[in-house]
Amino acid sequence: MELLSSHRSCDGSQERYRHASKSLNCNMNFSIYLPPQISPPLDNRSQVPAVYWLSGLTCTDENFATKAGAQRAAAELGIALVMPDTSPRGEGVADVADAYDLGLGAGFYVNATEEPWSRHYRMYDYIVDELPALVEQHFPINDRRSICGHSMGGHGALMIALRNPVRYRSVSAFSPVVNPTTSPWGKKAFSHYLGDDIKNWWAYDATLLIAAARASEHLPILVDQGNADEFLAEQLKTERFIAACEAAHYPARINMRAGYDHSYFFISTFIESHLHFHAQALSS
């Protein structure tokens, strides 16, 4: 790994790294916040749990690090924050000109099966397997993990946690795309990355995955959604996720926040409550 930057923050360290990704066949950047509980000499007592943050369309690993103000709560709680990029990048990586919702910045956290996307766009494998293995090898971070995200990243967090309930202690999301198989954003991305057979899309849809979840593997779920979000009706479809949770008796906590939109002003308002939610699950 190559260290790109390091800044002291809330008595911990906000750092950014680059590494060669085998899953994505390109170099990838990720940001990480190491709380002050990590201090030399490193030993088992220095190990801390981690919350993985998945960002939304057009974002990089730096948006959350610089806008959410999550470091203070993470420092108080002794939690590391791991912030990957949203897609593969670099020369030779497939992209679509003038399309913010497809290609660079829009990986949708799936394993693409269609050309030209399949060579690089395997964000599911990167998030679930490669990045945690790298982080846990090189930093004093243990295998107690939770996952959180916003918008496209909220879709990724919910979908990944529901598919891998033994790998995560809890999952939360801000303004998630919860039913991407019916969302314009989701249908555009999935048709390109996964092909036209809609059955191949189902494994990446949180609303559909809820129905298949075993009661013994239910995870704590927290969702915050603003009712002034301009994407709520057409893209996010929160009401379908609520109905699916109720039908499956899945105990999710879903808050509709009056007056809040899709922005980082919304995230920064409630991120502390999300980290406390994860801290409780990570310490159990």
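Just so it is clear, the model here is predicted, and its values are computed rather than measured. (Residues numbered from 1 in each chain as written. Predicted model: local features only at pLDDT ≥ 70, side-chain atom pairs only at ≥ 80, totals over all residues. Heavy atoms only, no water.)

Caption draft 1: Spatial organisation of the overall build of the protein chain. Scanning the protein chain for helices and strands turns up nine helices and nine strands. Looking at the protein chain as a whole, 58% of its 284 residues qualify as buried. In the protein chain, once contacts between residues fewer than 6 apart in sequence are set aside, the share between residues at least 24 apart is 71%. Within the structure as shown, the protein chain displays about 11800 Å² of accessible surface, and the carbon and sulfur contribution to it stands at 49%. Between the centroid of the 23 positive side chains of the protein chain and the centroid of its 31 negative side chains there is a distance of 4 Å. (Helix = DSSP H or I, 4+ residues; strand = E, 2+ residues; numbered from the N terminus. Buried < 20%, exposed > 50% of the residue type's maximum accessible area, 1.4 Å probe, protein only. Contact = heavy atoms within 4.5 Å. Areas by Shrake-Rupley, 256 points an atom, 1.4 Å probe, with all protein chains shown as cover. Lys, Arg positive; Asp, Glu negative; His and termini not counted. Charge placed at Lys NZ, Arg CZ, Asp CG, Glu CD.)

Caption draft 2: Fine view of the packing of aromatic side chains. For the structure shown, the criterion picks out 16 aromatic pairs. Where Tyr 260 meets Phe 266, the ring centres are 5.5 Å apart and the plane angle is 35°; that geometry is what we call tilted. The exposure class of Phe 266 is buried, given its relative accessible area of 0%. By relative accessible area, Tyr 260 is classed as partly exposed at 29%. Chaining the aromatic ring pairs together yields one cluster made of Trp 53, Phe 64, Phe 174, Tyr 260, Phe 266 and Phe 270. Taking NZ or CZ as reference, Arg 163 lies 4.3 Å from the ring centre of Tyr 124, over its face. (Phe/Tyr/Trp six-rings, centres within 6.5 Å; stacked < 30°, edge-to-face > 60°. Lys NZ or Arg CZ within 6 Å of the ring centre and 35° of its normal.)

Caption draft 3: Up close: the nonpolar core. Among the nonpolar cores identified, the biggest contains 68 residues, and Ile 32, Phe 108, Val 135, Ile 141, Ile 147, Ile 160 and Tyr 193 are the most heavily contacted of them. Broken down by element, the residue count for this core peaks at eight residues, all from helix α3 (residues 123-138). Those residues in contact with Ile 147 that sit more than four places away from it in its chain are Tyr 52, Leu 54, Ile 127, Ala 157, Ile 160, Ala 161, Tyr 168, Ser 170, Val 171, Ser 172 and His 278. By size, the runner-up hydrophobic cluster in this structure holds 23 residues, among which are Tyr 33, Val 51, Leu 81 and Cys 148. (Core = buried A, V, L, I, M, F, W, Y, C linked by side-chain atoms within 4.5 Å.)

Caption draft 4: Representation of the side chain of Asp 85 within the structure. Here Asp 85 shows up in the loop between β5 (80-84) and α3. Overall, Asp 85 belongs to the buried group, its relative accessible area being 4%. There is a polar contact of 3.5 Å between the side chain of Asp 85 and the side chain of Thr 86. Within the structure, Asp 85 has its side chain in polar contact with the side chain of Arg 89 (distance 2.6 Å). (Polar contact = N/O pair within 3.5 Å; in protein donor to acceptor, adjacent residues only side chain to side chain.)

The quantities given are spatial measurements derived from coordinates; they are silent on function.
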